[in-house]
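Chain residues, written in single-letter form:
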Amino acid sequence: NFDLWKKERIYFQGHQILNNLLHFLFVEQNEFALDKSTDIILSGSSANGLALLLHANHIWSEYIKPVKMRNDNLRFMMLIESGYLRMVHDNTLRHLQWMY
């Protein structure tokens, strides 16, 4: 129903969406819970690969590491498939993290 768009404001906050999704998959006990998994691969290409790169430390420390402490068999990998991420100088990644 397109009338909804006229009446409501919808906000898309990527970081909040990411945290809610990861909380659902790693913290909440549900049929999709990944806390008993043996292998987890997060992948992305182009802009999604950049998002993985920028959020890698956050994802590891907040979600994967606590699960790994309970499940020693867990193997985790992030795979950035493709993308043209030109690093002009050493501070570029820090500036990108600040922007996002």
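Note that the coordinates shown come from a computational prediction; the quantities given were computed from them, not determined experimentally. Counting of residues starts from 1 at the beginning of each chain's written sequence and follows it residue by residue. Confidence filtering applies because this is a predicted model: local features only for residues at pLDDT of at least 70, side-chain atom pairs given and counted only at 80 or more, and all residues used for totals across whole chains, interfaces and linings. The side-chain figures draw on all heavy atoms in the structure; neither hydrogens nor water molecules are used.

Thoughts on the overall build of the protein chain
Argument step 1. Secondary structure elements follow DSSP: runs of H or I of four or more residues count as helices, runs of E of two or more count as strands, with numbering from the N terminus. Each helix and strand in the protein chain was counted, giving four helices and two strands.
Argument step 2. Counting across all 100 residues of the protein chain, residues that qualify as buried make up 21%.
Argument step 3. Every residue pair with non-hydrogen atoms within 4.5 Å of one another is taken to be in contact. Long-range contacts, defined as pairs at least 24 residues apart, comprise 68% of the intrachain contacts of the protein chain with a sequence gap of at least 6.
Argument step 4. For the protein chain, the exposed surface amounts to about 8200 Å²; the carbon and sulfur share of it is 55%. Only protein chains enter the calculation, and the probe is 1.4 Å; a residue is then buried if its accessible area is under 20% of its type maximum, exposed if over 50%, and partly exposed in between. Per-residue and other accessible areas follow the Shrake-Rupley method at a 1.4 Å probe size, with only the shown protein chains counted as cover for residues.

Some points on the packing of aromatic side chains
Argument step 1. Only rings of Phe, Tyr and Trp enter the pairing, Trp through its six-membered ring, and a pair is recorded when the two centres are within 6.5 Å. The plane angle decides the type: under 30 degrees is stacked, over 60 is edge-to-face, the rest tilted. Following the criterion strictly, the structure yields three aromatic pairs and no others.
Argument step 2. Pairing F26 with Y63 gives two aromatic rings, centres 6.5 Å apart and planes at 40 degrees, and the pair type is tilted. Placement of the pair is F26 in helix α2 (residues 14-26) and Y63 in helix α3 (residues 47-70), with a sequence separation of 37 residues.
Argument step 3. Taking relative accessible area as the criterion, Y63 reaches 10% and is therefore assigned buried.

As for a nonpolar patch on the surface
Argument step 1. On the surface, a cluster of nonpolar side chains totalling about 290 Å² of accessible area is made up of I41, M77 and L79.
Argument step 2. Within the secondary structure, M77 is located in strand β2 (residues 75-80). Like charges within 9 Å and nonpolar side chains (Val, Leu, Ile, Met, Phe, Trp, Tyr) within 5 Å are joined into patches, using only residues over 30% in relative accessible area that form no salt bridge. Salt-bridge detection follows one rule: a side-chain nitrogen of Lys or Arg within 4 Å of a carboxyl oxygen of Asp or Glu.

Here's the deal with the pattern of salt bridges
Side-chain pairs of opposite charge can arise whenever the charged atoms involved come near each other.
Argument step 1. Tallied over the entire structure, the rule returns two salt bridges.
Argument step 2. As a salt-bridge pair, D39 and R75 come within 2.7 Å of each other at their nearest N and O atoms. Of the two residues, D39 sits in strand β1 (residues 39-44) while R75 sits in strand β2, which places them 36 residues apart along the sequence.
Argument step 3. The exposure class assigned to D39 is partly exposed, which follows from its relative accessible area of 41%.

Describing the side chain of D35
Argument step 1. Inspection of the secondary structure assignment puts D35 in the loop between α2 and β1.
Argument step 2. On the basis of relative accessible area, D35 is assigned to the buried category, the value being 11%.
Argument step 3. A 3.5 Å cut-off defines polar contacts: any pair of N or O atoms within that distance qualifies, except that in protein one atom must be a possible hydrogen donor and the other a possible acceptor, and neighbouring residues in sequence count only when both atoms are side-chain atoms. For D35, the side chain forms a polar contact with the side chain of Q29, separated by 3.2 Å.
Argument step 4. Excluding anything up to four places from it in sequence, D35 contacts L25, F26, Q29, V67, R70 and N71.

Here's the deal with α2
Argument step 1. Residue count minus one, scaled by 1.5 Å, sets the expected span of a helix. Its 13 residues give α2 an end-to-end C-alpha distance of 18 Å, which sits within 8% of 18 Å, the value for a rise of 1.5 Å per residue.
Argument step 2. Restricting attention to buried positions, one finds in α2 the residues N19, L22 and F26. Projected down its long axis, α2 shows its buried positions confined to an angular sector of 70 degrees, all on one face.
Argument step 3. Close packing links the buried residues of α2 with β1 and α3. It is the directions from the helix axis to the C-beta atoms whose arc is reported.

Concerning the pairing of β1
Argument step 1. We treat two strands as partners when DSSP finds at least two bridges between them. Of the pairings in the sheet, the one linking β1 to β2 comprises six bridges and is parallel in character. Note on β2: the bridge partner recorded for S43 is L79.
Argument step 2. The path from the first strand over the helix to the second decides the hand: if it runs clockwise while the strands point away from the viewer, the crossover is right-handed. At this point the chain moves from β1, through α3, to the parallel β2, and the crossover so formed is right-handed.

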